[in-house]
Every structure is written in C-alpha cells, then in structure tokens.
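# Report on the structure
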Amino acid sequence: MGLRRRHALADRRERHQSPPLELTVWPVATRTADDADRPTAMASKEQSIGRSPGLVEHAYWSLGTDQLVGQLEASTSGLLSPDAAVRLAKFGPNALAPRSDASALAVFARQFRSPLVLILVFAAAVSVFVGEGHEAAIIGAIVLASCILSFTQEYGASRAMEALRQRVARRATVLRDGFERTVGVEDIVPGDVVCLSAGNLIPVDGVILESRDFNVSESVLTGETFPVVKSAGRSAPEAGIAQRTNAVFTGTSVRSGTAKVLAVATGARTEFASIADALERQIPETEFARGIRMFGYLMTEIMLAIVILVFFANVMLDRPLIESLLFSLALAVGLTPELLPAIISVTLARGARTMAASGVIVRRLDAIENLGSMDLLCTDKTGTLTEGVIHLDGSFDVEGNASREVLLWARLNATLQTGLKNPLDEAIASAPPGQEDLSGFAKIDEIPYDFVRKRLSVALREGAREQILVTKGAVQNILDVCAFVQGPHGLQSLGSAERQTIDEKFRRWSAQGYRVLGLAIRRFQDKAGFSRDDETAMAFAGFLLFLDPPKEGVRETLSALADRGIGVKVISGDNRYVAAHLAEAVGLRSDRIMTGEDLSKMTKNGLLASVRNTDIFVEIDPNQKERIVEALRRSGHVVGYLGDGINDAPALHEADIGISVDTAVDVAREAADIILLKRDLGVLVHGVDDGRKTFANTMKYISITTSANFGNMISMAAASLYLPFLPLLAKQILLNNFLSDIPALAIAGDNVDADQVRRPRHWDIRFVRRFMVSFGLVSSLFDFATFAFLILVAHAASAAFQTAWFVESVLTELAIVLVVRTHQRLWRSRPSRLLAGLALGVGVIAIAIPFAPFANWFGFVPLAGSVLTGLLAITALYVLVSEITKSWLFDHGRQGKHRRKAASPSRRANKQPARLSG
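If you tally the helices and strands in the chain, you get 30 helices and 25 strands. Counting across all 918 residues of the chain, residues that qualify as buried make up 57%. Taking as baseline every contact in the chain between residues at least 6 positions apart, the subset at least 24 positions apart corresponds to 75%. Per element, the accessible surface of the chain, about 38100 Å² overall, is 57% carbon and sulfur.

The following block contains the structure:
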C-alpha cells in the first residue's frame, strides 16, 4: 500500500481515533543491565505494572521516555536476543497479516470450492440416490482427478512464489545485545530500538529517543505531501496522527536525517493496520486481470444459455430427467476452462522463476503481464546508462587549479557525515589518499542532506582552533548560500563577475561529461549547535569533479529495447549538459530536452502535449518525476519506471510497472513491482522477454480451450436435439474434458515464437471472442461432418456413435493445441517436448480406450478399422482448415489493431495498460 491510496486514507484519518494502547508488560527478570540505572520509584512502578498488565492510562506519545521505557520493560540500548525471541512468540510477527503458509491440505480443499465441481458432486449424489451408483463413481473419479491436477499446479506455484518473496524480504537495523544488528522486519518486537536513516520505510509505531534533522513523509496516513519534522519529546494525549511530532508510524518513510525509535506497536496493532482494516484493501486491477474476469463473464453467459436450453429441450423430448441433468452439467464442464486459474498460476509462477534465474525478482505476479506490455521505459542515467561506479576525478579551487585543501574538506565532509549514504560520498572516501591529515579534526555536528536544499554540511573543529562548517552540494545550491569566494589571497566578495566565472567552469566541465559539485566553508567561534540557518554567508571554495562513464554495451542494449518496441526516456536530477553529453555517447537523441524549471511552468495539458516529443528530462525534482510518468501514461503509453532512490518512490507508484534494484533504499524497493538483482538494462531486456513469453503461454491455453470446447459443446447441444439418443454420455464428456486438459499442463513451459516477444503484448477480449466464434464454427462444421459420416456412411448405432465421436473429439482438441499455439504454420514452430509428448500420448490413449477391458464402464465399444480411418481423415482435414482460418484471423486482427491505434492516440486516462489487439 502506498501513494495510490493516500487520499482514501486521509479521508479516514479524521474519523479514526486510536484506542489506548494495550501493553503486555514483561517480568522483571527480563530486564537488561541498563535498567539498574533507573530511579527506584520508577523501578517500583514497573514492578507494580508487571504484576498487573493492562491498558496504559495515557496515549503512549504523551508519556515521558523513561516512563514508556519502563512500562515496556525495555532499555534505550535495546533488547537482549533471548528477550526479543520471547516477545516475538508472544506478539507474533511484525506484519499486517499472518504469513500465508497455506498447508497442502488447505490448498487441496480449495479446489472443491469451484461452483462447477460442487454441482457435479451434487449430481453424483443424486445419481447415487436414484440408483445410478456406477455413474456416480465414474463422475466422482474424474472430478477427483481434475482437482488433483489443479492442486499439484497451484501448490507448486505457491511454494515457488514464497521462495521468491523471501529473496526480497525487507530488513531493518535494531539494537540487540548492545550492538546494531540487521534483522527481518517481521522479527521486530515492542521494546526494540530501531535505527532509522534517510530512505528507510518505518517498520513500527514508536516514539523517538533521539534524532538529527529527522524528516518523515507521512502521506500514506495523512495525505500531506510535504515531509514533517520529527524529534524527541511529548505530544498531547488527544493529538491526532499529524500532530504527534515525537512519534513515527509503520508505512511512513524517512526523507532525511537519522533517528533512534523505541518500538511500541507492531503488526496488526499499528495505526497503519487499524486504518487499513477500515478500508477495502485493493490493488488496482491490471488489464490482464480485468481481461480474465471479462473472459469469465463471457464463458458464464454462454454456459448458462447452453445448459438451460439443452436441459429443458431434453426434458421436453421425454429424455430421463437425471440423464438430461447430468448431460447438461457435463456440457457446462466441457465448455468451461476449469484449469484456467491453475494454468495462470503455474504460467506466472514459472515465468517468475525463469525471470529470477535471469536476475529479475517479481514481487507481484500481475506485474509480469505489465512488464510484457511495457512500451516506454523511464530511467535515471546513473547505473543504468553509466557504469554506476563513480570516482572522484579531481578537486579544484575557484580558479580551476588542483587543490589539496578542497580535497581535504571534501573528505572530511564525506567521511564524517552519518546520514544518507550515496555514491558521491563513497567516491570521495575511496579516492587515493594524498597528504591530507584528518586526524587533527573533530566532528561537532552535521546538517544532513535533503532534496530541497541539495546540500550536506558537517561542522568541525581543528584542534583547539576555530570551528569550520564544510558544505558540499549542487553548484547552484551552494552558490545560493555563498556571499564570498575563498581565493588564493583570502576571502573576496562574490559578485556577478565571480558567479559568471564559476558558472562557465561548471558548464564546460559538465559538457565534458563530469558531474560537478560545489564546496563552501564558513568559520565560527565557539558555536554551540548548528542548523540550516547557519548555511549563509559562506565562502565558495572550489569544485569536485566526478566521472561515471557510459556502461559498456549500453548502446546495444538500448537498440535491443527499441527492437522490442520499447522507447527509453531519461529522467535525471543532473544538469542538462551532463545528460546531453551522455545521451550522445549512448545513442539517444540529445536535442529534445526539458528542464525542471520549464516543466514547473506547464499546465497538466501542456505537459501532456510536450512529453511525447521530449527524450531527456533534466534538473528534475521528485514530484516532477511523478508528473512526467503520469503524463506519459495519459498519452497512451504503458510506462515502466526504473529507480532506486528516496525521490523515486512517487514515480514508481505512478508507473504501470515500477522497477527497482536489490540495493535500493527501502521505500523504493517497496514501491516497485519488479526487483532487479543487478542494475543492468540487459537484465531488464531478458525480463521483458520472459514477461511476454508468460503472457503468450497464458493466452495459448485460453485460445486452445475456447477454440475446441466451444465448437464441440455447440455441436453436442444441437445433436442432442435431433438424435434419438444423447451424442455423448455425461461420463464420456467428463472423460473427454479430463484427457484434453492433460497437455495443458505443459503450456506453461512451451516454446514461444520470436515474433510473439518482439512487440508489446496486450489483452483484447474482442479478439478472444472473435477467435472463439471463428474456430468454434470450424469445429462445429467438422463435428457435423463426423455425424454425417457416422450415420450415413458407417451406419453407427448409439454406442458406436458415442465412441467414435468421443475419439474424434479428443483428437481434434489435441490437434488444435498444436495449431493455435503459434501464429506460424504448425510445422514451422516446434512445441516443447513435454507438450508434444503429452499430446501424442493422450491421442494414443483416446484411440485405445474403446478396446480396453474397462471400456464398457464408460459405455464404449470397439471401433472398426474403416471408422478409425475415416475419423483420422476428418481430423487431418480439420487441421488444414484450422490453419487457413488461423492465417485469416491473425491477418485480420493485425489490420484491425493498426486501424484502432491510428484512430485512438490516447487510449486511457486511468492506471491500466493500453488496450490493443492480441
């Protein structure tokens, strides 16, 4: 849950009042050594509470730190590991809902919740009641076998996805046994001390013990866009969530600064959980999920119409009531692709496993289809278009000369800061050491980086001398707080001429591909504490030049994305000169650039018109990233966004497919649908291919079941009205359906033609309906030809007719598997070995069943050789006509797609992938 639902949460927050917190107090024996330092009165109170655990009289945010620590039987230095284990067993995991470790038995039982299965079970029970026990046993056996097939697929898929989820489980830093330790978020318990820094998602509700320039984004709870300042202290008991300035809450995120937080509430006891419970929790439905739902509606409508019509028609023809009921229900089962949920689960899970092997972890299965549908990728440049290994290339004074003093100040600033870790600081710290000596400096204070100031300051003292505030950041943001220049001859005023000289150097280096930071200093005399207000009247001291060269092979990777119909747009906070230089180096257009300043002046509609013709967005702030992605989506694109920073979270939420990396900050990882184990666009290319293969194989099953089943069921319904006997018995229909479903188990691993991964794939219910009707008519045509052959040529009696048509029906359904699984001629596209083997094996079984000893159980009789020959000839002709129909249908579909695409430049305004033809 994230920014998508923040407004709904905000609407609820005024109505939601937190009840008094129920704290189970731990026995005194579990107290840590630090507790001995507490006042005796407090210890007595703790013992009293420990003997009578119950409700806290006041809201925890209004209590003093010592009082709250005492009631929790905790310590500001953290818990001991054994104590934490006991609390975890007592309170349970820190999660909104229990782990979904469904047992095999529960998954198996779930297979019988299908309405069709329940109806068949009811029909079997009726058969037993009227004395048809033999019929009921066969129906029950087939239903059980189908449920076992579905169970094996679903359970295997769920186990595979659980293993993948564990690979991207969130972790946090807590104080345990007196040391900082990294633990799983679900293992945090009340009383833990959690260490937070910029980029962290806050995992608990708690109070702040200590903080430093701590800013928290609470938009998921309050709807407030801007971060709020948090610090230790007390809030009024009646304060609402937004007014509790000393408390933090699960699901919110740290924008800047650091803090230590005492965990008070975890899991279902948090504000996030209590508000979420009051809402209908729902992830926006993807186009694929909506397509499956609409397909289900379509099949239900057809099924009900056929069942009702056939049942009443047979009753009016004086057919036995139970036999007519079973036949009608069997028709419904035969028409319905009952394995579809299992096939979808298996196909998506298999796709997720394949993608994981390629370095792409899927956090939400529905995202696989969106990844395959993506036609536009928005990304930053660092680490995707560039090597991502930034190194410090030089340090220069104001006049452009190499400066060891600037390097010394930069190294002090980078190594002594404790806030958000970033590659630039790491590059400074890892630069080859010179003659600078850091040992004579002591850190006094720091002012952490944030995305508004774009600066980071560290206050130092050199021995017993004066204090120095060293600030580095974006050149323009450093100049904004400077009034002087630190020249070779001391301080000079910073006038327009000096600003122009600095700007010219900045532009020249940026155009050469360097990322340039500015550095400034200010000296103080015995100042007690430092804040952002002290970043004024500073002296500009010099420049830091960083180099991040283009990644090897990135030009070829961008070409591979283009070949797959995916465009790339760069969205960066860097300046226009660096971005343009990189674009030229990797083969992107560098002449269509939009700056953040230009974007801020545009209306919503103006931006919508401009984004189509812009390839590089530079000097962009976080909210503008979100606006860009929204505009691109409104223009009709299926947008993927790749980001790993704090400021990428809004855009990741807004995109159709949010993509992050395993090393990203918490807030970015949780906002993403897809996690790359390696920040490489080549990995993403493989992921796109796997996503499109997964979508293609899912659509194969739908095409196969609808093309054959629809025609057979229509033919069977029509034949039942004119033949003096039922064309197939209910148990024969169910056996037919069971056998024809077996090859479907191999669909998930079937080979996919190259042309089906070359372009973005989309769901189109109109195409599915047209496909079903077209192939259904062809199937029915050959069914009627089979009827004519059996009655007029073979002169088959009822049992022989039913046996022959059973064999022909199974063979045609197997043949259509090989026809519609590819857009090419079936002999030019090789199916997987498993699919081909199962199809061949089931075909042999279908021909052999009438000659088996148990054939009479199903009402089958042996067939004459001439009848089998005729059936095989009809099947071969059916394959030929189906090939012709397939070619016509796909050619017609492509023409229709191009017409609709040309007529509809903007296909949607809500968060759904574009609707194009399949």
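Let us keep going from here.
All right, on to the sheet that holds strand S11 (residues 376-379) then. Taken in spatial order, the eight strands line up as S10-S25-S24-S23-S11-S20-S22-S21 in an open sheet, and their pairing is mixed. Both edges of this open sheet fall to strand S10 (360-362) and strand S21 (593-595), since each of them pairs with a single strand only. Strand-to-strand twist across the sheet, computed as the mean angle between neighbouring axes with direction ignored, equals 20°. As judged from the four bridges shared by S11 and strand S20 (residues 567-571), these two strands associate in the parallel manner. Bridge assignment links Cys378 to a residue of S20, and that residue is Lys569.

The subject of this paragraph is the confidence of the model for the chain. Here the chain averages 77 in pLDDT, and 77% of its residues register 70 or above. The secondary structure element of the chain with the lowest average pLDDT is strand S2 (residues 54-55), at 30, and the one with the highest is strand S19 (residues 538-547), at 94. Contacts from residues 898-918, a stretch scored under 50 in pLDDT, to residues over four places away or in other chains number 59 contacts.

Now for the packing of helix H26 (residues 730-741) against helix H28 (residues 798-820). Here H26 crosses H28 at 20°, and the two axes come no closer than 10 Å. With respect to their mutual orientation, H26 and H28 come out roughly parallel. Crossing angle aside, the handedness with which H26 passes H28 is right-handed. Only Gln802, Phe806, Ser809, Val810 and Glu813 of H28 make contact with H26, whose side of the interface consists of Gln732, Leu735, Asn736, Leu739 and Ser740. Here the contact of H26 with H28 is composed, by residue class, of four nonpolar, five polar and one charged.

Where side chains of opposite charge bring their charged atoms close, a pairing between them can arise. Following the criterion strictly, the structure yields 29 salt bridges and no others. One network of salt bridges, in which partners are shared, links Arg453, Arg455 and Glu535.

Spanning 16 residues, helix H29 (residues 833-848) covers 22 Å between terminal C-alpha atoms, matching the ideal 22 Å at 1.5 Å per step. Leu835, Ala839, Val842, Gly843 and Ala846 are the residues of H29 that are buried. For H29, the arc enclosing every buried residue in end-on projection is 105°, short of the 170-degree limit, so these residues lie on one face. Looking at H29, the residues exposed on the side facing more than 90 degrees away from the buried face are Arg833, Leu834, Leu840 and Val844. Turning to H29, the residues buried within the fold contact H26 and H28.

Glancing now at the environment of Arg592. Here Arg592 shows up in the loop between helix H19 (576-586) and S21. Once residues lying within four places of it in the same chain are set aside, the contact partners of Arg592 are Asn613, Thr614, Asp615 and Ile616. From its side chain, Arg592 meets the backbone oxygen of Asn613 in a polar contact 3.4 Å long. Here the side chain of Arg592 touches Asp615 through a polar contact of 2.9 Å, side chain to side chain.

Now for the nonpolar core. Of all hydrophobic cores here, the largest spans 62 residues; its most connected members are Leu371, Leu377, Leu558, Ile659, Ile674 and Leu676. It is helix H25 (residues 681-722) that provides the largest number of residues to this core, a total of five residues. Filtering out sequence-adjacent residues up to four positions away, Leu558 remains in contact with Leu385, Val568, Val586, Leu588 and Leu681. One finds Ile302, Ile306, Phe767 and Phe775 within the second-largest nonpolar core, a separate group that totals 61 residues.

Judged by side-chain polarity, Leu304, Ile308 and Phe312 come together as a nonpolar surface patch covering roughly 300 Å² of accessible area. Within the fold, Leu304 resides in helix H10 (residues 287-316). You can call Leu304 partly exposed: its relative accessible area is 46%.

Tracing the backbone shows Ser457 in strand S14 (residues 455-462). Within the structure, the side chain of Ser457 is placed 2.6 Å from the side chain of Thr471, a separation counted as a polar contact. A polar atom in the side chain of Ser457 sits 2.5 Å from the side chain of Glu535. Apart from the residues lying within four places of it in its own chain, the contact partners of Ser457 are Asn413, Glu446, Ile447, Leu469, Val470, Thr471 and Glu535.

Taking 1.5 Å as the rise per residue, helix H17 (residues 496-511) with 16 residues should run 22 Å; its terminal C-alpha atoms sit 22 Å apart, in good agreement. Considered for burial, the residues of H17 that qualify are Ile502, Lys505, Phe506, Trp509 and Ser510. Summarising the axial view, the buried residues of H17 lie within an arc of 130°, below the 170-degree limit, and thus occupy one face. Seen from the buried face of H17, the exposed residues on the opposite side, beyond 90 degrees, are Ser496 and Gln500. Along its buried surface, H17 packs onto strand S12 (391-397), helix H16 (475-479), strand S18 (515-524), S19 and H19. Two residues or fewer past H17, Gly513 is found with a positive phi of approximately 100°.

The next subject is the packing of aromatic side chains. Applying the stated criterion across every chain, the model contains 15 aromatic pairs. Between the aromatic rings of Phe311 and Phe312, the centroid separation amounts to 5.4 Å while the plane-to-plane angle is 70°, which identifies the pairing as edge-to-face. Note on Phe312: relative accessible area 49%, which makes it partly exposed. On the numbers, 5.3 Å between centres and 65° between planes, the contact of Phe540 with Phe543 is edge-to-face. Positioned above the aromatic ring of Trp61, the side-chain terminus of Arg244 is 3.6 Å from the ring centre.

What counts, and at which threshold
- Residues numbered from 1 in each chain as written.
- Predicted model: local features only at pLDDT ≥ 70, side-chain atom pairs only at ≥ 80, totals over all residues.
- Heavy atoms only, no water.
- Helix = DSSP H or I, 4+ residues; strand = E, 2+ residues; numbered from the N terminus.
- Buried < 20%, exposed > 50% of the residue type's maximum accessible area, 1.4 Å probe, protein only.
- Contact = heavy atoms within 4.5 Å.
- Areas by Shrake-Rupley, 256 points an atom, 1.4 Å probe, with all protein chains shown as cover.
- Pairing = 2+ DSSP bridges.
- Axes fitted to C-alpha atoms, helices over the stretch in contact; angles between N-to-C directions.
- pLDDT = per-residue confidence, 0-100.
- Parallel < 35°, antiparallel > 145°, perpendicular 65-115°, else oblique.
- Left-handed = near helix turned anticlockwise from the far one by under 90°.
- Nonpolar A, V, L, I, M, F, W, Y, C, P; charged D, E, K, R; others polar.
- Salt bridge = Lys/Arg side-chain N within 4 Å of Asp/Glu carboxyl O.
- Expected span 1.5 Å × (residues − 1).
- Arc of directions from axis to C-beta.
- Polar contact = N/O pair within 3.5 Å; in protein donor to acceptor, adjacent residues only side chain to side chain.
- Core = buried A, V, L, I, M, F, W, Y, C linked by side-chain atoms within 4.5 Å.
- Patch = residues over 30% accessible without salt bridge, like charges linked within 9 Å, V, L, I, M, F, W, Y side chains within 5 Å.
- Phe/Tyr/Trp six-rings, centres within 6.5 Å; stacked < 30°, edge-to-face > 60°.
- Lys NZ or Arg CZ within 6 Å of the ring centre and 35° of its normal.

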